[in-house]
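# Per-entry structural report
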Amino acid sequence: MFISSAYAQTAAAAGAEAPSTLMSILPLVLMFVVLYFVMIRPQMKKQKEHKTMIDALAKGDEVVTAGGVLGKVSKLGEHYVGLEVANGVDIQIQRSAVVQVLPKGSIK
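Model, not experiment: these values are computed from the prediction. (Residues numbered from 1 in each chain as written. Predicted model: local features only at pLDDT ≥ 70, side-chain atom pairs only at ≥ 80, totals over all residues. Heavy atoms only, no water.)

## What to know about the environment of Gly68
Condition: Strands are runs of DSSP state E lasting at least two residues, helices are runs of H or I lasting at least four, and both sets are numbered from the N terminus onward. Relative accessibility thresholds used throughout: buried, under 20% of the residue-type maximum; exposed, over 50%; partly exposed, between the two (1.4 Å probe, protein chains only).
Note that Gly68 resides in the loop between strand S1 (62-65) and strand S2 (70-76). For Gly68, a relative accessible area of 43% gives the class partly exposed. Spatially, the C-alpha atom of Gly68 lies 9.4 Å from that of Val98, the residues being 30 residues apart in sequence.

Okay, here's the thing in structure tokens:
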């Protein structure tokens, strides 16, 4: 009356379920591949370029810091850089705070 009849599945029906499991995982794999090429890979490339720029800093380079301060590199340390922001005014910043190296003669 209130209970419906239950029927057992055959072996063919259980075997047909395996490809659908693979097909359900495929979109997740494709999303990860797209995420890698759109977000992760460009960020890693940008970090590598920044590290190369920081390692190539030399005395006399004109740079811009993350805070927008422009200056000329006067001292180089392992973790810190001395910047001359005006005549006789030196500040010390972290190497990682250097955002861009300007062409020579940009700062007047």
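That shown, we press on.
## Points about the sheet that holds strand S3 (residues 80-86)
Under the convention used in this document: Any two strands with at least two DSSP-identified bridges between them are counted as paired. Note on definitions: angles span 0 to 180 degrees between N-to-C directions of axes, and those axes are lines fitted to C-alpha atoms, for helices only across the stretch in contact.
Read from one edge of the open sheet, 5 strands run S4-S3-S2-S1-S5, paired in antiparallel fashion. Because the sheet does not close on itself, it has two edges, and the strands there are strand S4 (89-94) and strand S5 (98-102). Direction aside, the axes of adjacent strands within the sheet are offset by 45° on average. In the sheet, S3 pairs with S4 via 6 bridges, with the strands oriented antiparallel. Within the sheet, the bridge partner assigned to Gly82 lies in S4 and is Gln92.

## Re the pattern of salt bridges
Here is the rule we go by: Should a side-chain nitrogen of Lys or Arg be within 4 Å of a carboxyl oxygen of Asp or Glu, the pair is scored as a salt bridge.
Summed over all chains, the structure comprises 2 salt bridges. In this structure, Lys51 and Asp55 form a salt bridge, with 3.4 Å as the shortest nitrogen-oxygen distance. Placement of both Lys51 and Asp55 in helix H2 (residues 17-55) is noted, with a separation of 4 residues, approximately one turn of the helix. Asp55 shares its class with Lys51; the two are exposed. Linking Lys104 and Asp61 is a salt bridge whose minimum nitrogen-to-oxygen distance equals 3.4 Å. With Lys104 in the segment after S5 and Asp61 in the loop between H2 and S1, this residue pair connects regions lying 43 residues apart in the sequence. Classification of Asp61 by relative accessible area gives buried; the value is 13%.

## Considering the nonpolar core
For clarity, the threshold we go by: Only buried residues count toward a nonpolar core, which is a set of Ala, Val, Leu, Ile, Met, Phe, Trp, Tyr and Cys residues joined through side-chain atoms within 4.5 Å. By definition in these notes, contact holds between two residues if any of their heavy atoms fall within 4.5 Å.
If you look at the biggest cluster of nonpolar residues, it comprises 8 residues: Ile54, Leu57, Val63, Val73, Val81, Leu83, Ile93 and Val98. Ignoring any residue separated from it by four or fewer positions in sequence, one finds Leu83 in contact with Val63, Thr65, Gly71, Lys72, Val73, Ser74, Val89, Asp90, Ile91 and Ile93.

## Quick notes on the pairing of S2
In summary, the side chains of a regular strand alternate between the two faces of the sheet. In terms of strand pairing, S1 meets S2 through 3 bridges, oriented antiparallel. Residue pairing across strands places Val63 opposite Gly71, the latter belonging to S2. Hairpin connection from S1 to S2: 4 residues lie between these consecutive antiparallel strands, with Gly68 at a positive phi of about 90°. Taken together, the 4 bridges between S2 and S3 define a ladder with antiparallel strand orientation. Its bridge partner being in S3, Val73 is matched across the sheet by Leu83. Where S2 hands over to S3, the hairpin turn is made up of 3 residues, counted between the paired strands.

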